[in-house]
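# Examining the three-dimensional arrangement
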Amino acid sequence: MALLGKGMLLTFTEVSARDERDYNEWYNREHIDDRINLPGFHRGRRYVAVSARPKYLAVYECDTVAILGTPNYLQTLDHQTPWSQRVMARFTHFTRMTLRVHVDRTHGVGTALATVRFVPNPHRRKALIQWLSELGLPKLVARPGVLGAAVGENDLEVAHAPLQDKSMDHPRVDESEWVVLIEGSDVAAVSAAARSLFTQTRRRSFGIEAAPTIGTWRFLFGNQR
């Protein structure tokens, strides 16, 4: 089954240990349901880190990335519930990525996820998409224990929309980071697949100067409509 749309919202968050119980209850009982019931949203999933920082990752699938910059969506950021206001004020880490999905080779939902975050040379963008579509991701998906993979590019115009709208206070991003998400049946499988994706030769080919950041995650909760 393919992703439910061509846009994705990723949020990487963390709270102090004393606030985790309330944080997890809020996410599972209110926040994901609030988001997937917005126009254009279809599915939300959240994960806890096995080997990654920060500790929690949420992934939302929507029709297009443009939805994440519309006035209707931004208004929801301005009108949080009291529970949301309390929990979000306690975030010790918050990173938000608005992804334009370029390649989708997902086959299903797995219990394990690996993320590969990297910044390519923008002039090699088309070649990168072609390689990921025709060889890179199909080769990953063929590995035992891997159920699918997709890649998205952080759309900076959409990512900065909350800043321009003053709906959210978060750091401005100046580089277009990409993320490969690898679904699997176990952490070892997706971790090995993630490490195999970009050799030194491939990194040079696509102008990826810094080593990709690899994280592995365990599924916690999800909902869809």
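Worth saying up front: this structure is predicted, and the values here are computed from it rather than measured.

For the rest of this paragraph, the subject is the overall build of the protein chain. Of regular secondary structure, the protein chain possesses eight helices and eight strands. Scaling as 2.2 N^0.38, a compact globule of 225 residues should have a C-alpha radius of gyration of about 17 Å, and the protein chain matches this with 17 Å. The principal-axis extents of the C-alpha atoms in the protein chain amount to approximately 50 × 35 × 30 Å. When contacts within the protein chain are restricted to residue pairs at least 6 apart in sequence, long-range pairs at least 24 apart make up 82% of them.

Time to look at the pattern of salt bridges. In total, this model carries twelve salt bridges according to the counting rule given. Ionic pairing is found between Lys55 and Glu20, a salt bridge with its closest N-O pair at 2.9 Å. You can see Lys55 sitting in the loop between strand E2 (41–51) and strand E3 (56–62) and its partner Glu20 sitting in helix H1 (residues 20–36), a full 35 residues away along the chain. Look at Lys55 and you get partly exposed, because its relative accessible area is 32%. Using a relative accessible area of 17% as the deciding quantity, one classes Glu20 as buried. The salt bridge partner of Glu25 is Arg29, with a shortest N-O separation of 2.5 Å. Note that Glu25 and Arg29 are positioned in helix H1 at a spacing of four residues, about one turn of the helix. The network of salt bridges with common partners includes Asp19, Asp22, Arg86 and Arg90.

Attention now goes to the packing of aromatic side chains. For the structure on display, the rule yields 15 aromatic pairs. Consider the rings of Tyr23 and Phe91, whose centres lie 6.1 Å apart with planes at 75°: the pair is edge-to-face. Here Phe91 lies in strand E4 (residues 91–104) and Tyr23 lies in helix H1, a separation of 68 residues in the sequence. Just as Tyr23 is buried, Phe91 falls in that class too. The interplanar angle of 15° and the centroid separation of 5.9 Å between the aromatic rings of Phe91 and Phe94 together place this pair among those described as stacked. Residue class for Phe91 comes out buried when judged on its relative accessible area of 18%. One aromatic cluster in this structure is built from Tyr23, Trp26, Tyr27, Tyr56, Phe91 and Phe94. Taking the ring centre of Phe12 as reference, the NZ or CZ of Arg117 above it sits at 4.5 Å.

Okay, the environment of Pro144 next. With respect to the helices and strands, Pro144 occurs in the loop between helix H4 (125–141) and strand E6 (146–154). Along the backbone, Pro144 and Thr111 are 33 residues apart, and their C-alpha atoms lie at a distance of 14 Å.

We now examine the environment of Ser191. Along the chain, Ser191 turns up in helix H7 (residues 187–197). By relative accessible area, Ser191 is classed as buried at 15%. Distance from Ser191 to Trp217, taken between C-alpha atoms, is 9.4 Å for residues 26 residues apart in sequence. Excluding its chain neighbours within four sequence positions, the residues that come into contact with Ser191 are Ala114 and Thr216.

Assignment of secondary structure puts Thr76 in helix H2 (residues 71–78). Spatially, the C-alpha atom of Thr76 lies 9.0 Å from that of Leu38, the residues being 38 residues apart in sequence. Once residues within four sequence positions are removed from consideration, Thr76 is found in contact with Arg35 and Leu38.

The complete set of buried residues in H7 reads Ala189, Val190, Ser191, Ala193, Ala194 and Leu197. Each element contacted by the buried residues of H7 is listed here: strand E5 (112–118), H4, E6, strand E7 (178–184), helix H8 (200–205) and strand E8 (213–224). Between a side-chain oxygen at the N-terminus of H7 and the backbone nitrogen of Ala188 the separation is 3.1 Å; the capping residue is Asp186.

Scoring rules and cut-offs
Residues numbered from 1 in each chain as written. Predicted model: local features only at pLDDT ≥ 70, side-chain atom pairs only at ≥ 80, totals over all residues. Heavy atoms only, no water. Helix = DSSP H or I, 4+ residues; strand = E, 2+ residues; numbered from the N terminus. Rg over C-alpha atoms; globule rule 2.2 N^0.38 Å. Contact = heavy atoms within 4.5 Å. Salt bridge = Lys/Arg side-chain N within 4 Å of Asp/Glu carboxyl O. Buried < 20%, exposed > 50% of the residue type's maximum accessible area, 1.4 Å probe, protein only. Phe/Tyr/Trp six-rings, centres within 6.5 Å; stacked < 30°, edge-to-face > 60°. Lys NZ or Arg CZ within 6 Å of the ring centre and 35° of its normal. Polar contact = N/O pair within 3.5 Å; in protein donor to acceptor, adjacent residues only side chain to side chain.

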